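Letter by letter, the chains look like this.
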Number of protein chains: 6
Amino acid sequence: MEFQYETSFDVKEKINQSKVAILPVGAVEAHGPHLPLGTDNFLAERLSHKLAERTKALVLPTLPYGQVWSLRNFPGSINIKNNSMIAFLVDIGESLYKQGFKTFVMVNGHLGNQTALKEAARVLYESCPEMRVIYFFYPGMNNAAAEVREKSSTHNTYFHACEIETSFMLYLAPELVNMEKALTDIPTIPQHADFTPTPWEDFTETAVLGDASLATKQKGEHIINTALENMVKIMKDLK
Amino acid sequence: MEFQYETSFDVKEKINQSKVAILPVGAVEAHGPHLPLGTDNFLAERLSHKLAERTKALVLPTLPYGQVWSLRNFPGSINIKNNSMIAFLVDIGESLYKQGFKTFVMVNGHLGNQTALKEAARVLYESCPEMRVIYFFYPGMNNAAAEVREKSSTHNTYFHACEIETSFMLYLAPELVNMEKALTDIPTIPQHADFTPTPWEDFTETAVLGDASLATKQKGEHIINTALENMVKIMKDLK
Amino acid sequence: MEFQYETSFDVKEKINQSKVAILPVGAVEAHGPHLPLGTDNFLAERLSHKLAERTKALVLPTLPYGQVWSLRNFPGSINIKNNSMIAFLVDIGESLYKQGFKTFVMVNGHLGNQTALKEAARVLYESCPEMRVIYFFYPGMNNAAAEVREKSSTHNTYFHACEIETSFMLYLAPELVNMEKALTDIPTIPQHADFTPTPWEDFTETAVLGDASLATKQKGEHIINTALENMVKIMKDLK
Amino acid sequence: MEFQYETSFDVKEKINQSKVAILPVGAVEAHGPHLPLGTDNFLAERLSHKLAERTKALVLPTLPYGQVWSLRNFPGSINIKNNSMIAFLVDIGESLYKQGFKTFVMVNGHLGNQTALKEAARVLYESCPEMRVIYFFYPGMNNAAAEVREKSSTHNTYFHACEIETSFMLYLAPELVNMEKALTDIPTIPQHADFTPTPWEDFTETAVLGDASLATKQKGEHIINTALENMVKIMKDLK
Amino acid sequence: MEFQYETSFDVKEKINQSKVAILPVGAVEAHGPHLPLGTDNFLAERLSHKLAERTKALVLPTLPYGQVWSLRNFPGSINIKNNSMIAFLVDIGESLYKQGFKTFVMVNGHLGNQTALKEAARVLYESCPEMRVIYFFYPGMNNAAAEVREKSSTHNTYFHACEIETSFMLYLAPELVNMEKALTDIPTIPQHADFTPTPWEDFTETAVLGDASLATKQKGEHIINTALENMVKIMKDLK
Amino acid sequence: MEFQYETSFDVKEKINQSKVAILPVGAVEAHGPHLPLGTDNFLAERLSHKLAERTKALVLPTLPYGQVWSLRNFPGSINIKNNSMIAFLVDIGESLYKQGFKTFVMVNGHLGNQTALKEAARVLYESCPEMRVIYFFYPGMNNAAAEVREKSSTHNTYFHACEIETSFMLYLAPELVNMEKALTDIPTIPQHADFTPTPWEDFTETAVLGDASLATKQKGEHIINTALENMVKIMKDLK
């Protein structure tokens, strides 16, 4: 099921059986004092494995770098430009197409990547006409999060190293969370952040957007499983 | 020591102490019936850890895709174009520079990447004038291999899934090698392969360039350790 | 106030007094049987004039083409690629910077342009460090629309040629609306439209996403004025 | 006849009947104290309408920005790079081709755009093999101007805000001309201006290349109508 | 005086003395039955030497390929795209700048190159602010040709393998002309050739635009010497 | 046999007879006090003629500029970027393909060009599927040189202006060699030069890598003829 552990001699048959490839896409980015820089990688990768189990897909090696413009000035962040991401993803997609895949699912663990993933999908829409390209970022998570969160969100689309994302980690990668350091930092995100380039150091020193101490494995499980069910359902619908 | 396991709060101090980042760069590529598609990733990553131990460097997440033009038509290969690789690597390098690193070492597990790595290093030479950029591909391995190999090489620069690379895996990732399937395929690589684009399906069906059954952990250890010593020495010289 | 009606001899003084340039950005795109192809141009342009009045800004000529990937196969649509848009907008921005402007506001009438506008703003963030770049798409309209709409939205971000957008036109460009042809077409937008490239012909034949017959000037006025107030407020905050 | 005022429901039939699209292309550029910055936009747009009437073509929204390298340092000028122009025009052309047009006419009001228009036409020549692409810049105007001008030209190809261009405006957009401010500035254009990059501030402070006070509506009418007849004739020949 | 015959040890002093580099730029292109494919190379190169003698400049190796879109379908033509030419010329220019040159003169033997040369000069204008970049294409040749030509020109800017260009060759490279094969082919160049991409096979089978049999060394000498004097004068003026 | 001396009327037949084009590719680069800057051009060009005689190929005009990053800071060096080289070579190749050639041989006189030549060949492999593209850099020279050299090489792939390259010149272009100035400069090339960007001024002031005074025509003849035989043989094998 993990693509890179297969051999060339066996993989052709497995591609023929599955025809679905999943690429976890993450980032290296500041996530406060309690979560590691690779948080988005661990989430994308482990969620991909859960998705693969349910859909009999093959999981590609994680692309562990992403577009982190907003947090690029925080210690440890590594930023890939949109155009570099797009080119790289398109190359992967075109290889998968030649290898016989019919569905290419990018499981994204980092919101900042969505622009590049969507654009790459559109490029592949033209160059690989018989391959379906999907880019998932926790589909349906907003509603599911609303059902369990205790503190309201600081922004309508951003969530970061907070009650929600920390809960994801407690469910998917608990050994990498240090809840003793989970802090509460509820920034006032200025309204203009949606309308002008706004590096996050303008409104937070921690990169935590909320109260991470409220995170629980149960909250994470609820939201992640909802997202997972949505992903499975959408993939089924698209067949 | 693994960069993505650090937190943003701790990493700044560690960057200041080390100032050296190591990026393993691999590929997803056919490696015969006995080695996995991710062979170059496993090698690059594990060698990077050995190098980091000796140089107190920080190891970045592995970039697990590379330029595999020659084997791109084999089952399981995923090919990234040179320009896509270069752009991606330059973005990583420029982020490292802003983060305060003074040395950026790419430990490459796949010969086909060398062109992109060298070009990326030259771009960074201009844009990051105070950061040293290094691209290693088993320095000094040719002599060390000559000392231990039982069958002579099929080509003066290529080696692939053969006595040598399989030995690397037996030393660095033995659990991923299936020696029962190790085969012998000694192709006649046409002389023109160095002078005209020559996909490897022209001269091999297995992607094995030699006698993999002769591989041993000891051979791998000898060559890898020689390369490692060379890497350490070169890094020391460049300080 | 309209930049292109000024002369070179007078404009320098006016730039010095205002330092704020507004660029309306629209599109040529199918908008059903009751709205013209240039709807997004008319909206962006007339809204820009209202904004300019309140902020003493100079209004540039409308850029009347945009990225309309989703509707590009409908009669009359003209599609500009993201990268072409970005390059063009960056050139405009860099010229404005050299001319002495300190604020460059893009008033966008077409959702599909947001990706390009945001990316252009980030490029200009580096190349024009002392110019603020803003990209507005009816800020705060969701809440304002919720207060007046009679039918619920078909999608959480899309709205098109519907009760809402038609109301915008009845307020800003009533002479260009043919309400007799306003139709009701409430498509079921598949959930996957957010996760895979989905041309709109997959779910609508009309390009109307809702009940256009419910549009009124009053609804448009309410939402537009809310957006306008938000724009003025954000611009004030950013000074 | 104006494309953006049509609806998607009606436009298909009109495209089928005409198959000819006209794109006015202008610029925002210094034009002395008596002509507005948008002079080239007004000229291109109004001339396009005259041409459309005679050829039953559809007129697209004006592209109101152009390559103004030579005057880019004058107050009010906005400069688009050649490559940005080319990409944008190619996108428009390729959309028109998909929409069913067989002829794409760019009516250019600004000499500096000719390089980009010609190059775009050549790109489209390959990608849209059954669409004719035409780029007009007042065809035949040199002879017609010679018949009416009172002062000889300052340069064999340049004319700008002078007796000639001001006459164009007096004929096509008289309400935008302030003849009281029309001045005479007969620069000595150095011979080297044709052979080395020469910003116009090197030889003129006004951007007027001649005696604008000699402009008359009659002169403009004569030249414009000659150009118009040539355009009609060429389009007929090319059918 | 020929740059590539100098050694690295001597050339620095010569650069310091001259500071002027001349690059002949030509093309490989059909020139009828009496002139070789490299006509524009021979002309550019030999004219460059004459210019260098009079200006004490250093002559670089000829760039023997150019943009020959119009004749690219004729036997023997080799076509370089504008963007490829520009990039190549900019690289040469930036190297010359670093080497200490203050003037970079491109002596062009092929009209189709002018667009690329002019654009390259503008790029270098920004990146090499203290180097003057000049692109010459027989300055003043139109008037000089009018004084000696016996047949009128077929086009106001084109001339090709005709009375004029053949005369150039008879003066500069007579050993490469076969006057016995010089033919007369006076095509009617359609007016639209200036306004729509028009490959020359549309109006000529020979690529000769006129009466080559009227060529004489004297005509060539007259025009070339006029151009040469103009070039010398312009270079002097620009110092 | 020299392509640019042919006429358009004759060349078609010659292309049909030969179908093989040879492009000499060189560089302008420092080569010590005894060899001219154009050494690589003279070698590539003269070797190409020898090859053409034996293979009845047509020789194109020499591309006399190349990628000389390593020596770019030496007096007289002119450096072309890899991407500029690739684009230029691809344009030449695609034209040759349209002209009917079936084999495109690049005879390279400068090691630094190999990356660009190989990449160009791969691009052409896709766009010109029925044309063979070959890039030669003295095939088999290492063994042949070992047979005649008196001093061992300073590096396993570099050789420059030394015993070997000077011998090439004594055989192919003796009139351009000044043996009185041939010097001995045996630098210690640091091991890291293979792993990090290392301009050659770091280890040599002369750009001579060895003992040029040992050069003889016989050595050059031996190696060059070996390379030539290899080239002929490879071309034969590839038919």
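So, here's what we can say about the structure. All values reported here derive from a predicted model rather than from experimental measurement. (Residues numbered from 1 in each chain as written. Chains lettered and ligands numbered in written order. Predicted model: local features only at pLDDT ≥ 70, side-chain atom pairs only at ≥ 80, totals over all residues. Heavy atoms only, no water.)

A tally of helices and strands in chain A yields seven helices and six strands. When the helices and strands of chain A are listed from N to C terminus, the series reads α-β-α-β-α-β-α-β-α-α-β-β-α. The C-alpha atoms of chain A give 18 Å as radius of gyration, which agrees with the globular expectation for 239 residues (18 Å, within 12%). Counting only C-alpha atoms and orienting by the principal axes, one finds that chain A spans roughly 50 × 35 × 30 Å. The buried share among the 239 residues of chain A stands at 67%. (Helix = DSSP H or I, 4+ residues; strand = E, 2+ residues; numbered from the N terminus. Rg over C-alpha atoms; globule rule 2.2 N^0.38 Å. Buried < 20%, exposed > 50% of the residue type's maximum accessible area, 1.4 Å probe, protein only.)

Taken together, the 50 residues of chain A in the interface contact 50 residues of chain B. Taken together, the links from chain A to chain B amount to two salt bridges. Here Lys81 of chain B and Asp91 of chain A are joined by a salt bridge, their closest N and O atoms 3.6 Å apart. When contributions to the side of chain A that touches chain B are tallied by element, the ones reaching two or more residues are helix H1 (8–18), helix H2 (39–55) and helix H3 (82–99) of chain A. Looking at which element gives the most residues to the side of chain A that touches chain B, the answer is H3 of chain A, with ten residues. (Contact = heavy atoms within 4.5 Å. Salt bridge = Lys/Arg side-chain N within 4 Å of Asp/Glu carboxyl O.)

All right, on to the sheet that holds strand S3 (residues 103–108) of chain A then. Residues and elements named next belong to chain A. Here four strands make up an open sheet; going across it, the order is S2-S1-S3-S4 and the pairing parallel. In this open sheet, the two edge strands, each paired with only one partner strand, are strand S2 (58–59) and strand S4 (132–136). Pairing of strand S1 (residues 20–25) with S2, which is carried by two bridges, proceeds in the parallel orientation. Each residue of the ladder has a partner; that of Ile22, found in S2, is Val59. (Pairing = 2+ DSSP bridges.)

This part takes up the pattern of salt bridges. Under the criterion given, the structure shown has 48 salt bridges over all chains. Across the pair Lys219 of chain D and Glu163 of chain D runs a salt bridge, and its minimum N-O distance is 2.9 Å. Of this pair, Lys219 of chain D sits in helix H7 (residues 217–238) while Glu163 of chain D sits in helix H6 (residues 163–172); the two residues are 56 residues apart in sequence, bridging distant segments of the chain. Under the relative-accessibility criterion, Lys219 of chain D is labelled buried at 7%. As a salt-bridge pair, Asp237 of chain F and Lys233 of chain F come within 3.0 Å of each other at their nearest N and O atoms. Of this pair, Asp237 of chain F and Lys233 of chain F both sit in helix H7 (residues 217–238), four residues apart, roughly one helical turn. Exposure remark for Asp237 of chain F: the relative accessible area of 48% places this residue in the partly exposed category.

The transformation that overlays chain C on chain A combines an axial shift of 0.0 Å with a rotation of 180 degrees, and the residual RMSD is 0.0 Å. Here the transformation between the copies is reduced to the relation of a two-fold axis. Nearest to the rotation axis, the C-alpha of Thr115 of chain C is located 3.6 Å from it, this being the minimum over chain C. Of all interface residues in chain C, 100% are interface residues in chain A too; the two copies therefore contact each other through one and the same surface. (Least-squares fit on C-alpha atoms with pLDDT ≥ 70 in both.)

No interface is formed between chain B and chain E, the nearest pair of C-alpha atoms being 15 Å apart. With no contact formed, the shortest span from any C-alpha in chain C to any C-alpha in chain E equals 15 Å.

All names here are of chain D. Burial in helix H1 (residues 8–18) covers these residues: Ser8, Val11, Ile15 and Ser18. The buried residues of H1 occupy an angular sector of 80 degrees when the element is viewed end-on, so they sit on one face. With respect to the buried face of H1, the exposed residues turned more than 90 degrees away are Lys12 and Gln17. Tucked inside the fold, the buried residues of H1 contact strand S1 (20–25), strand S2 (58–59) and helix H3 (82–99). Phi turns positive, to about 60 degrees, at Lys19, one or two residues after H1. (Arc of directions from axis to C-beta.)

Turning next to the pairing of strand S1 (residues 20–25) of chain F. All names here are of chain F. Here S1 lies mainly inside the structure; six of its six residues are buried. Residues of S1 alternate between two faces, with Val20, Ile22 and Pro24 on one and Ala21, Leu23 and Val25 on the opposite face, all of them buried. In terms of strand pairing, S1 meets strand S3 (residues 103–108) through six bridges, oriented parallel. When the sheet's bridge partners are listed, Val20 is paired in S3 with Thr103. Each parallel crossover has a hand, and the one from S1 via helix H2 (residues 39–55) to strand S2 (residues 58–59) is right-handed. (Right-handed = clockwise from strand over helix to strand, strands pointing away.)

The subject of this paragraph is the interface of chain C and chain A. Listed by partner, the interface residues are 29 residues for chain C and 29 residues for chain A. Here chain C packs against chain A, burying approximately 2,600 Å² in sum over the two surfaces, 50% of which is carbon and sulfur. When the area that chain C buries against chain A is broken down by residue, the three leading residues are Arg122, Phe195 and Pro197 of chain C, summing to 26%. Taken together, chain C and chain A are joined by two salt bridges. For Arg72 of chain A, the salt bridge is made with Glu126 of chain C, and the minimal N-O distance between the two is 2.9 Å. Summed over the shared surface of chain C and chain A, the result is twelve residue pairs in polar contact (both at pLDDT 80 or more). Where the side of chain C that touches chain A is concerned, the elements lending two or more residues are helix H3 (82–99), helix H4 (114–127), strand S4 (132–136) and helix H7 (217–238) of chain C. For the side of chain C that touches chain A, the leading source of residues is H4 of chain C, giving six residues. (Buried area = accessible area lost by both parts, 1.4 Å probe. Polar contact = N/O pair within 3.5 Å; in protein donor to acceptor, adjacent residues only side chain to side chain.)

Moving on to the packing of aromatic side chains. Scanning the model with the defined rule gives 75 aromatic pairs over all chains in all. Aromatic pair Trp200 of chain C and Phe203 of chain C: ring centres 5.8 Å apart, planes at 45 degrees, arrangement tilted. Look at Trp200 of chain C and you get buried, because its relative accessible area is 7%. Classification of Phe203 of chain C as buried rests on a relative accessible area of 13%. Consider the rings of Phe159 of chain F and Phe168 of chain F, whose centres lie 5.9 Å apart with planes at 75 degrees: the pair is edge-to-face. Taking relative accessible area as the criterion, Phe159 of chain F reaches 13% and is therefore assigned buried. Among the aromatic side chains, those forming a connected cluster through ring pairs are Tyr65 and Phe88 of chain A together with Tyr65 and Phe88 of chain B. Sitting above the plane of the Trp69 of chain A ring, Arg72 of chain A keeps its charged end 4.4 Å from the centroid. (Phe/Tyr/Trp six-rings, centres within 6.5 Å; stacked < 30°, edge-to-face > 60°. Lys NZ or Arg CZ within 6 Å of the ring centre and 35° of its normal.)

Even without glycine at this site, Lys56 of chain B takes up a positive phi of about 55 degrees. Of the residues examined, Lys56 of chain B reaches a relative accessible area of 70% and is grouped as exposed.

Let us look at empty space enclosed by the protein. Under the defined criterion, the tally for this structure stands at four cavities of 30 Å³ or more. The calculated volume of the largest cavity comes to roughly 70 Å³. In terms of lining residues, the largest cavity is bounded by Trp69, Ser70, Tyr158, Ala193, Thr196, Pro197, Thr198 and Trp200 of chain D together with Lys118, Arg122 and Tyr135 of chain E. For the lining of the largest cavity, a count of residues per class yields six nonpolar, three polar and two charged. Empty space within the second largest cavity amounts to approximately 60 Å³. Residue lining of the second largest cavity: Lys118, Arg122 and Tyr135 of chain B together with Trp69, Ser70, Tyr158, Ala193, Pro197, Thr198 and Trp200 of chain F, and that is the complete set. Here the residues of the lining of the second largest cavity are counted per class, giving six nonpolar, two polar and two charged. (1 Å grid on protein atoms, 1.4 Å probe; cavity = no way out; pocket = protein on both sides within 12 Å on 5 of 7 lines; lining within 4 Å. Points joined across faces, edges and corners; volume = space filled by probe spheres on them. Nonpolar A, V, L, I, M, F, W, Y, C, P; charged D, E, K, R; others polar.)

Residue and element names in this part refer to chain A. The contact between H3 and helix H4 (residues 114–127) brings their axes to 9 Å, and the two run at 40 degrees. Judged on the interaxial angle alone, H4 and H3 are oblique. Viewed along their axes, H3 and H4 form a crossing whose handedness is right-handed. Side by side, H3 and H4 meet where Asn82, Met85, Ile86, Leu89, Val90, Gly93, Glu94 and Tyr97 of the first sit next to Thr115, Ala116, Leu117, Glu119, Ala120, Val123, Leu124 and Ser127 of the second. In the contact of H3 with H4, the residues fall into ten nonpolar, four polar and two charged. (Axes fitted to C-alpha atoms, helices over the stretch in contact; angles between N-to-C directions. Parallel < 35°, antiparallel > 145°, perpendicular 65-115°, else oblique. Left-handed = near helix turned anticlockwise from the far one by under 90°.)

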